[in-house]
Amino acid sequence: MDSIKPLLDEICLELRERREKGQVADYIPQLAKVSIDKFGIAVASMNGSLVTAGDADEAFSIQSISKLFTLTLALGQVGDRVWERVGREPSGNAFNSIVQLEHEQGRPRNPFVNAGAIAVTDIVLGGHRPKEAIGDILRFVRFLANDDSINIDRFVALSEQAHGDRNLALAHFMKSFGVIKHPPAEVLGVYFHQCALAMSCRQLAQAGLFLAANGRNPLTGFNVVSPNRARRLNALMMTCGHYDGSGDFAFRVGLPGKSGVGGGILAIVPNKAVVSVWSPGLDANGNSLLGTAALEMLVRRTGWSVFG
Ligand code: DON
């Protein structure tokens, strides 16, 4: 890991100078306020070492990366019954698309598109009050990262709520097919808060370590999921974690990864490390433009792609 620090500094320096940085998400007004010049990267290894560069200690909105954590939570709660409501196939559509839902009886293609994540949040809600479910999610993420200072940015949650018509439409549509059970407003209240989790690259990398280590967090020694479930979560990240850009991410980076419109990406290097990167400018698919470029550079230099 000693050689990683100069490499991260080099990547940070090179990418900060790029003129084309993508577009900051503006459909959630609070996210549009974030400076496009932010750039952070962190690598957490299985032996507990952590190497960072740039703005790696600044908390940002993890947005869709949270879908990985709520999926893990839902699988812990109801096991494979999750798959009665949500599929496991790439969608080939935008993250917030509604078109497939009508053809497929309201059953979302996978747990990472918005519709699928909303259905997973409905499972986590599981008869509780929304506040309790939000508390469960926050506690779970703090447990994963071994860091109790992690919080939810309520301004981001409210900002998304005020502009959440499309997600509300997805939820109502799924409710009409019986795919979600709770009132759409309650499910989305929880969903907007999970997306508004604020975490730094450092905290994210630590939270993802269980996926690199066959389900066991090497920092705390806790078994989070079985090795089999960790393998499957990584498979879903590889095939669906970047929406319609998942094929391109596999081609260029070759790691299981999950992106968010806050500009973060969490990438897993099985049996080695976790990389998290943050650059708020997005590409046309809603994935971090420079974050993807950073991972591509890192993987090329380290040989960390799962494809060799
Ligand atoms: O529901 C939304 O639109 C956002 N809270 C999350 C979308 C997202 O992060 C897509 N990822 N790239």
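Everything below is about the structure shown above.
Reading the values: the criteria
- Residues numbered from 1 in each chain as written.
- Predicted model: local features only at pLDDT ≥ 70, side-chain atom pairs only at ≥ 80, totals over all residues.
- Heavy atoms only, no water.
- Near = heavy atom within 4 Å.
- Polar contact = N/O pair within 3.5 Å; in protein donor to acceptor, adjacent residues only side chain to side chain.
- Areas by Shrake-Rupley, 256 points an atom, 1.4 Å probe, with all protein chains shown as cover.
- Nonpolar A, V, L, I, M, F, W, Y, C, P; charged D, E, K, R; others polar.
- Phe/Tyr/Trp six-rings, centres within 6.5 Å; stacked < 30°, edge-to-face > 60°.
- Helix = DSSP H or I, 4+ residues; strand = E, 2+ residues; numbered from the N terminus.
- Lys NZ or Arg CZ within 6 Å of the ring centre and 35° of its normal.
- Pairing = 2+ DSSP bridges.

A. Representation of the site of the ligand in the model. Taken together, 14 residues form the shell around the ligand, and within it Y27, Q63, S64, E160 and Y191 come nearest. The contact in question runs from a nitrogen atom of the ligand to an N or O atom on the side chain of E160, over 2.7 Å. A distance of 3.2 Å separates a nitrogen atom of the ligand from a polar atom in the side chain of Y243. Compared with its free state, where it exposes 340 Å², the ligand has 100% of that area covered by protein. A per-class count over the shell around the ligand returns 6 nonpolar, 7 polar and 1 charged.

B. Focus on the packing of aromatic side chains. Per the counting criterion, the structure on display carries 7 aromatic pairs. A ring pair is formed by F60 and W278, whose centres lie 4.9 Å apart and whose planes are at 10°; its orientation type is stacked. Pair noted here: F60 is in strand β4 (residues 60-61) and W278 is in strand β9 (residues 273-278), with a separation of 218 residues, a long-range link. Pairwise contacts between aromatic rings join Y27, F95 and Y243 into one cluster. Across from the ring centre of W83, 5.3 Å away, lies the NZ or CZ of R88, which sits over that ring.

C. Layout of the sheet that holds strand β6 (residues 197-199). With antiparallel pairing, 3 strands are arranged side by side in an open sheet as β4-β6-β5. With partners counted over all chains shown, the strands left at the sheet margins are β4 and β5 (151-152), one partner each. By the bridge criterion, 2 bridges tie β5 to β6 in an arrangement that is antiparallel. Bridging from a neighbouring strand, N151 pairs with A198 of β6.

Spatial relationships are all this shows, so hold off on functional conclusions.
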